[in-house]
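Architecture and fold: a report
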Amino acid sequence: MAETENTMAYRLVKWSLTAMACLPMWMLYGLSDFIFLIVCHVMRYRIQIVTCNLQDSFPDASEREIRSIRRRFYRNFTDYIFETIKLLHISDKEMKRRMTFSGMETVDRILSEGRPIVAYFSHCGNWEWVPSITLWSNLNQDRKEAEFCQIYRPLRNKLMDKLMLSLRSRFGSVSLKKKVAFLDLMRYKRMEIPTITGFMSDQKLSHGDEGHIVNFLSHATPFITGTETVARRLDAAVVYFDMHKRSRGHYHIDIKLITEQPRELPDFALTDRYAAMLSRTIRRNPSIWLWSHNRWRIEQKK
């Protein structure tokens, strides 16, 4: 009975959101403008965390500059919500117009050589649109010339978890649970199916992970090292997804090669390079990063 109720609830939520997704983008952005006012000025969602993160990361910025970045962050945040809903009803052609990629020739070359790729990424721009990278590859997924994957942490809410998995597979990519992702990638390797896998490596550390300390945005910041460990163990080429926001609802990823020989680099060199590249991405346009994430919670407690 409970399973039937959950199924009905899931269908109801998905149908409702799909109906919303059928609206044109200009109408969705009108809704986003309204929700922005509520989130930013009424609810003041995590505003203390956002403000503190910005002030500590940009100590030379004036109060006016901090307020401006914060306001643009909340606008981007509510846009992200409605842009993600739009995945339920958007054509491949429209997606390719709104989410573009450069550097795909490098990705296709490495995958064509039968080698896996580890892609460093972060909570910048609309990260839920990035799985549309499959639309830019010349490799055929149906013939298993390559598999496009992303690592995810299951959500506690089973209904939302199922919905987000559905959205993330919209363009044919595969979501791998974080706890067993390495085993899944090794399975692909044994099957001789090359993979490119996106790792959101700007999150707080998992339990038991001491991380690697990096000077990042004026903070001594512990960074996840699991991404580097996977790259080394797979002997995978490593790339960075450099996110640009060109205009409202239009993003671009510049795929930058970090190395094709990760085992030849010193320990933590990949993590250091990722942190430096992410810092440049954020400083270029601070408002597109997820400042409401309490990235420095441990530091702030001390």
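See above for the structure.
Residues numbered from 1 in each chain as written. Predicted model: local features only at pLDDT ≥ 70, side-chain atom pairs only at ≥ 80, totals over all residues. Heavy atoms only, no water.

1. Overview of the pattern of salt bridges
- For the structure shown, the criterion picks out 17 salt bridges.
- Residues glutamate 145 and arginine 143 are paired through a salt bridge, measuring 3.2 Å at the closest nitrogen-oxygen approach.
- Take arginine 143: its relative accessible area is 59%, and that puts it in the exposed class.
- Aspartate 242 is paired through a salt bridge with arginine 284; the nearest N and O atoms lie 2.9 Å apart. (Salt bridge = Lys/Arg side-chain N within 4 Å of Asp/Glu carboxyl O. Buried < 20%, exposed > 50% of the residue type's maximum accessible area, 1.4 Å probe, protein only.)

2. A word on helix H8 (residues 181-190)
- Turning to H8, its buried residues number three or more, namely Ala181, Asp184, Leu185 and Tyr188. Considered in projection along H8, the buried side chains sweep an arc of 95 degrees and stay on one side of the axis. Opposite the buried face of H8, at more than 90 degrees from it, the exposed residues are Leu183 and Arg190.
- Its buried side turned inward, H8 meets strand S3 (147-152), strand S4 (174-177), strand S5 (195-200) and helix H9 (226-234). (Helix = DSSP H or I, 4+ residues; strand = E, 2+ residues; numbered from the N terminus. Arc of directions from axis to C-beta. Contact = heavy atoms within 4.5 Å.)

3. Some remarks on the packing of helix H3 (residues 47-57) against helix H4 (residues 63-85)
- Taken N-terminus to C-terminus, the directions of H3 and H4 make an angle of 130 degrees; their axes are 10 Å apart at the nearest point. When the interaxial angle is binned, H3 and H4 end up oblique. With respect to the hand of their crossing, H3 and H4 are arranged in right-handed fashion. Where H3 abuts H4, its residues Ile47, Val50, Thr51, Leu54 and Gln55 lie against Ile66, Ile69, Arg70, Phe73 and Tyr74.
- For the contact of H3 with H4, the per-class residue count stands at 7 nonpolar, 2 polar and 1 charged. (Axes fitted to C-alpha atoms, helices over the stretch in contact; angles between N-to-C directions. Parallel < 35°, antiparallel > 145°, perpendicular 65-115°, else oblique. Left-handed = near helix turned anticlockwise from the far one by under 90°. Nonpolar A, V, L, I, M, F, W, Y, C, P; charged D, E, K, R; others polar.)

4. What to know about the sheet that holds strand S9 (residues 250-259)
- Ordered in space as S1-S9-S8-S2-S5-S3-S4, the 7 strands form an open sheet in which the pairing is mixed. Sheet topology places strand S1 (99-102) and S4 at the edges, where each strand pairs with a single neighbour. The sheet shows a mean angle of 30 degrees between the axes of neighbouring strands, taken without regard to direction.
- Across 4 bridges, S3 lies against S4 in parallel orientation. When the bridges of S4 are listed, isoleucine 151 appears paired with leucine 176.
- Against the sheet, H8 contacts S3, S4 and S5, and its axis sits at roughly 130 degrees relative to S4. (Pairing = 2+ DSSP bridges.)

Honestly, that's just the spatial picture; any functional story needs more than this.
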